[in-house]
Amino acid sequence: MAGDDEVWLDDEAGPLIRPYTVNAGRTRPTVEMDLLSLVVTTGKPSPDVDPEHVKVIGLCQTPLSVVEVAAHLRLPVMVTKVLLADLVDCGAVVVWETSTSSSHVTDRVLLEKLLDGLQRI
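None of the values given here were measured: they were computed from a predicted structure.

Trainee: What should I look at first to understand the environment of Thr-62 in this one?
Mentor: Tracing the backbone shows Thr-62 in the loop between α3 (51–59) and β4 (64–65). For the pair Thr-62 and Leu-38, spaced 24 residues apart in the sequence, the C-alpha separation amounts to 9.5 Å. Non-local contacts of Thr-62, meaning those with residues more than four positions away in its chain, are made with Val-39 and Val-40.

Structure, rendered in structure tokens:
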């Protein structure tokens, strides 16, 4: 009989659990946020959290962007947004929207800095 690690993980393919199972099939976050929105924990413990939520709370002790959280979790951004929205709804994290009036999200310099930061992870 194979161990749990052998059944649920394939070294080449990664985890064998589909991302939507992390969110119980939910595909829409209840809170609006973009890729560059900053997320930080509030310090309030959240009862009844899943392991993925615990990982997010641990990561966001200092502000991280939504896309950075997704990269650390190795989950698609939309799955990450649903997890983050769960934590916002229960008061465990807050999301700060970025101001797009002074800088454009499509600004090449900004995108290059973001890519550089993600590559360093």
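We are not done yet, so read on.
Trainee: Hey, could you run me through unusual backbone geometry in this one?
Mentor: Backbone phi values are negative for most residues with the exception of glycine, while trans is the configuration of most peptide bonds. We note that Arg-74 has phi near 60°; this positive angle belongs to a residue other than glycine. The topology assignment puts Arg-74 in the loop between α4 (66–73) and α5 (77–89). Owing to a relative accessible area of 77%, Arg-74 belongs among the exposed residues under this scheme.

Trainee: What is the right way to read the sheet that holds strand β3 (residues 38–41) from this model?
Mentor: What holds strands together in a sheet is hydrogen bonding between their backbones, with the strands either parallel or antiparallel. Taken together, the three strands give an open sheet; going across it, the order is β4-β3-β5, and neighbouring strands pair in antiparallel fashion. Both edges of this open sheet fall to β4 and β5 (93–96), since each of them pairs with a single strand only. With two bridges joining them, β3 and β4 adopt antiparallel strand pairing. Bridge pairing in β4 places Leu-38 opposite Ser-65.

Trainee: Just to check I follow, could you spell out a nonpolar patch on the surface for this structure?
Mentor: Judged by side-chain polarity, Leu-38, Val-94 and Trp-96 come together as a nonpolar surface patch covering roughly 250 Å² of accessible area. Position of Trp-96 relative to the elements: it lies in strand β5. Take Trp-96: its relative accessible area is 44%, and that puts it in the partly exposed class.

Trainee: Any chance you could explain the nonpolar core here in plain terms?
Mentor: When a protein is soluble and globular, its nonpolar side chains tend to lie buried together. Membership of the largest hydrophobic core comes to 18 residues, with the highest contact counts inside it found for Met-33, Val-39, Val-56, Val-69, Leu-73 and Leu-84. Taken together, the elements giving at least two residues each to this core come down to α4, α5 and β5. Looking at this core, the element that brings in the most residues is α5, giving five residues. Residues contacting Leu-73, with those up to four places away along its chain left out, are Lys-55, Val-56, Leu-59, Thr-80 and Leu-83.

Trainee: Please clarify how the packing of α3 against α4 should be interpreted in this entry.
Mentor: When two helices pack together, their arrangement is given by the angle between the helix axes and the distance between those axes. Where α3 meets α4, the closest approach of the two axes is 11 Å, and the angle between their N-to-C directions is 125°. Relative to α4, the element α3 lies oblique. Here α3 and α4 pass one another in a crossing that is right-handed. Residue-level contacts link Lys-55, Val-56 and Leu-59 of α3 to Val-69, His-72 and Leu-73 of α4. Broken down by class, the residue content of the contact of α3 with α4 amounts to four nonpolar, one polar and one charged.

Trainee: Quick question: what am I supposed to make of the confidence of the model for the chain here?
Mentor: As a general rule, the predicted coordinates of low-pLDDT regions are not to be interpreted in detail. Taken as a whole, the chain shows an average pLDDT of 77; of its residues, 69% reach a score of 70 or greater. Long-range and interchain partners of residues 1–9, a stretch whose pLDDT sits below 50, account for eight contacts in this model, where long-range means more than four residues apart.

Calculation notes
- Residues numbered from 1 in each chain as written.
- Predicted model: local features only at pLDDT ≥ 70, side-chain atom pairs only at ≥ 80, totals over all residues.
- Heavy atoms only, no water.
- Helix = DSSP H or I, 4+ residues; strand = E, 2+ residues; numbered from the N terminus.
- Contact = heavy atoms within 4.5 Å.
- Buried < 20%, exposed > 50% of the residue type's maximum accessible area, 1.4 Å probe, protein only.
- Pairing = 2+ DSSP bridges.
- Patch = residues over 30% accessible without salt bridge, like charges linked within 9 Å, V, L, I, M, F, W, Y side chains within 5 Å.
- Areas by Shrake-Rupley, 256 points an atom, 1.4 Å probe, with all protein chains shown as cover.
- Salt bridge = Lys/Arg side-chain N within 4 Å of Asp/Glu carboxyl O.
- Core = buried A, V, L, I, M, F, W, Y, C linked by side-chain atoms within 4.5 Å.
- Axes fitted to C-alpha atoms, helices over the stretch in contact; angles between N-to-C directions.
- Parallel < 35°, antiparallel > 145°, perpendicular 65-115°, else oblique.
- Left-handed = near helix turned anticlockwise from the far one by under 90°.
- Nonpolar A, V, L, I, M, F, W, Y, C, P; charged D, E, K, R; others polar.
- pLDDT = per-residue confidence, 0-100.

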